[in-house]
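Given next are the chains, with one letter for each unit.
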Amino acid sequence: MAPNLGCNYLYMAPAMMVVPLFVISIINTFVAGPPLETLVFDAQNAVSLAYMQTKVEDSRVAIAISPRAAMSHYFVFTCYVPEQWKAPADKPVPLSAAVKAWNGGAREASGEALLGSASHAGDASSEKREYGLQLLQPLAGFEHYEIDVRAGAPGTPAKLPRMEFRLTYVPPRFTRTQTAVRIFFCTVTLLLAGAFCVAGARLEGAGDPLQPWIALILLLLLGVNDPLYGYRVARLGSEQLEAGSTVVQIVFSAALFLFWLVMADGMQRASAKTCCGFYLPKAALVGAYAASACALFVKHGRLPDRLEVSSFASDDVVTTSLVAVLIVCLSLICVWLAFLVLRVTYHLGWKQVEYIYTDREKSFIGMTLVFISLWSCGLVYRALHGQRGSWLMLQLPFLALSNSYLVLLVNAFWPGVESSISASIAANTADDVGEAERAGGRASHKDRQGLLDDDDDEDE
C-alpha cells in the first residue's frame, strides 16, 4: 500500500466509501439472496423434508429439524390461528412448546438438552396476548432439534386447535456469501495491520502517539470481521463464539468513539494534554457506554433481527436502567463530538484569521464525517425496514463501510507521513517569511501554526 497518496479526502472519501458499498449491495442482491426464508405448514398434515419432519397427533405436534446444510445461526418457530380460521364459539386451550436438542442419531444414547420453552395459558388472564406461541432458538452446536407443541394443561391433554405453523431460518446461500466476504475482509485487514506495524517499527525516532490507536483499532476490526464466522457455521452454532463476536463489536465502537474525541479535541489544543483534564473524561464516558452495552447484552441478549418474540420480552428494572444508561452515554458522545467538529469547522471557515491544519487532520475530519453520515443512513434504513432480516442484510454493507474507513484512516496516519507534512509546512512558513521581509513587512510564525493555540482567541 502506498502511504498517503496526496488525495484530498474531503472530495475522495465519499467515492472511496460509496464504491465498496455499491459493490456489496450488488453482492447482497444477486449473489447472497434473501437473508431469511420461511416455511409455512399446518397441523392437519404431516410434512417430510430433507431437513424437517413433522409428526401430528390429536394433542401434540412434534417438529424434527436437522440444520446441517439447510440453515444457520438461528430459527424462529411461530404457531398461531389465522383470522379466517377463528370462530366466535372457539375457546382457547392452553398451549406449550419446548425445544430439545441432541447429537448423534439416537437421542437416547447421547442424551437431550432442553434449550427453550414458551406457553400460553389460554384463559382470561392471557386474553390480552395474541393466541399463539413464538420461539427464537439460536443454533447451539447440536445436530438435531425437536420442537414439541402440546395442547392442554399438564396431565390433561386437549385437542390441538387448527393452527398454522411458520419456521423462519437463515438459508445456506446467504451464509456462504457472508463467509466468503468476511474471509476477504479478514485477509485484507491482516495484511494492512502487518504492513502498518512493519512501517512503524522501521521508523526512526518517536512516531505519532496516535499511531498505536490505529494499530489497536485495526486489531479490533479483525475481530469485527469475525475470522471464526465460518468455523461457527460449520460446527452448527456456538453461543460462546457469538457472544465473543458481539463483545468485540462493542469494544470496537468504543475505541472508535474514544479515538474521535481525542483526535477532534486534540486539534484545538497545542499545549500538553494532561491525563485528568484531557483523557480521563473521555475515557470515563466511553467506558460507561461499553460497560452498559456489554451488560445489556449479557443480561438480555441481542436478537439477530427485529422479530417480535413474546417469550423473550423483558420489562424488568435492570434492563430498563441499562437501556437508559446506554442511550444517555451515546447521546453525550454524539453531542460532544458534534461540538468539537463544529468548533474545528468554525475556526477553518468563519474566522478571519488563517488557521492551518495538517493534511492528516483535514483528512480525518472529512472522511469521519462521511463515515458517520453513511452509517447513520444505514441505521435509518434499518429503522424504517426493520423486518424480514434487515439487520442480516445490512451486516455486509456495515462491514464494507468500516473496512474502507479504516483503510483511509491507516493511509492518513501511515508512519513517517506526518514528518514529511511538518517539513512541508515549515518550508512554506520559511518562504512566506522571506517574501514578507523582502516586501518590507513582518511575518509571524504563529500565523502558520498547524494546530490552533489556545491564546489565539485572546489575541483577537
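Residues numbered from 1 in each chain as written. Predicted model: local features only at pLDDT ≥ 70, side-chain atom pairs only at ≥ 80, totals over all residues. Heavy atoms only, no water.

An unreviewed UniProt entry annotates the protein as Wntless-like transmembrane domain-containing protein originating from Diacronema lutheri.

> What is the right way to read the overall build of the protein from this model?
When its secondary structure is counted, the protein shows 12 helices and 10 strands. Buried residues in the protein amount to 44% of all 460 residues. (Helix = DSSP H or I, 4+ residues; strand = E, 2+ residues; numbered from the N terminus. Buried < 20%, exposed > 50% of the residue type's maximum accessible area, 1.4 Å probe, protein only.)

> How should I be thinking about the UniProt feature "transmembrane region" (unreviewed entry) in the protein in this particular structure?
The UniProt record annotates "transmembrane region" (unreviewed entry) at residues 9–31, 180–201, 213–231, 243–264, 318–342, 363–384 and 396–414. For residues 243–264, the end-to-end C-alpha separation is 32 Å, with 100% helix and 0% strand making up the annotated structure. Along residues 363–384 one finds 100% helix and 0% strand; the C-alpha atoms at either end are 32 Å apart. (UniProt positions renumbered as here; feature names shortened; annotations may be inferred.)

> I tried to follow the sheet that holds strand S4 (residues 72–80) on my own but got confused; where do I start?
The strands making up a sheet are joined through hydrogen bonds of the backbone, oriented either antiparallel or parallel. As summarised here, the arrangement of the 4 strands in space is S1-S10-S4-S7, forming an open sheet in which the pairing is antiparallel. Only two strands of the sheet have a single neighbouring strand rather than two, namely strand S1 (37–42) and strand S7 (132–138). In this sheet, adjacent strand axes meet at a mean angle of 15° when their direction is disregarded. Where S1 and strand S10 (residues 164–170) come together, 6 bridges link them in antiparallel fashion. By the bridge assignment for S10, Asp42 is matched with Glu164. (Pairing = 2+ DSSP bridges. Axes fitted to C-alpha atoms, helices over the stretch in contact; angles between N-to-C directions.)

> Would you mind going over the packing of helix H9 (residues 359–384) against helix H10 (residues 390–412) with me for this structure?
For any two helices packed against each other, one specifies the inter-axial angle together with the distance between the axes. Here H9 crosses H10 at 180°, and the two axes come no closer than 10 Å. The pairing of H9 with H10 is recorded here as roughly antiparallel in orientation. In contact with Arg360, Ser363, Phe364, Met367, Thr368, Phe371, Leu374, Trp375, Gly378, Leu379, Tyr381 and Arg382 of H9, H10 contributes Ser390, Trp391, Leu394, Phe398, Leu401, Ser402, Tyr405, Leu408, Leu409 and Ala412. (Parallel < 35°, antiparallel > 145°, perpendicular 65-115°, else oblique. Contact = heavy atoms within 4.5 Å.)

> Explain the packing of aromatic side chains here, please?
Aromatic rings in a pair are described by how distant their centres are and how their planes are angled relative to each other. Tallying each qualifying case throughout the model produces 18 aromatic pairs. An angle of 50° between the planes, with centres 5.8 Å apart, marks the rings of Phe184 and Phe185 as tilted. Residue classification places Phe184 among the exposed positions, given a relative accessible area of 52%. By relative accessible area, which is 10% here, Phe185 ends up buried. Aromatic ring contacts, followed pair by pair, group Phe257, Trp260, Tyr289, Phe371, Trp375, Trp391, Phe398 and Tyr405 into a single cluster. Stacked on the ring of Phe278, the Lys or Arg Lys282 has its end atom at 4.0 Å from the ring centre. (Phe/Tyr/Trp six-rings, centres within 6.5 Å; stacked < 30°, edge-to-face > 60°. Lys NZ or Arg CZ within 6 Å of the ring centre and 35° of its normal.)

> Sorry if this is basic, but what is going on with a nonpolar patch on the surface here?
On the surface, a cluster of nonpolar side chains totalling about 590 Å² of accessible area is made up of Val19, Phe22, Val23, Ile26, Phe30 and Val31. Along the polypeptide, Phe22 turns up in helix H1 (residues 9–32). The exposure class assigned to Phe22 is exposed, which follows from its relative accessible area of 56%. (Patch = residues over 30% accessible without salt bridge, like charges linked within 9 Å, V, L, I, M, F, W, Y side chains within 5 Å. Areas by Shrake-Rupley, 256 points an atom, 1.4 Å probe, with all protein chains shown as cover. Salt bridge = Lys/Arg side-chain N within 4 Å of Asp/Glu carboxyl O.)

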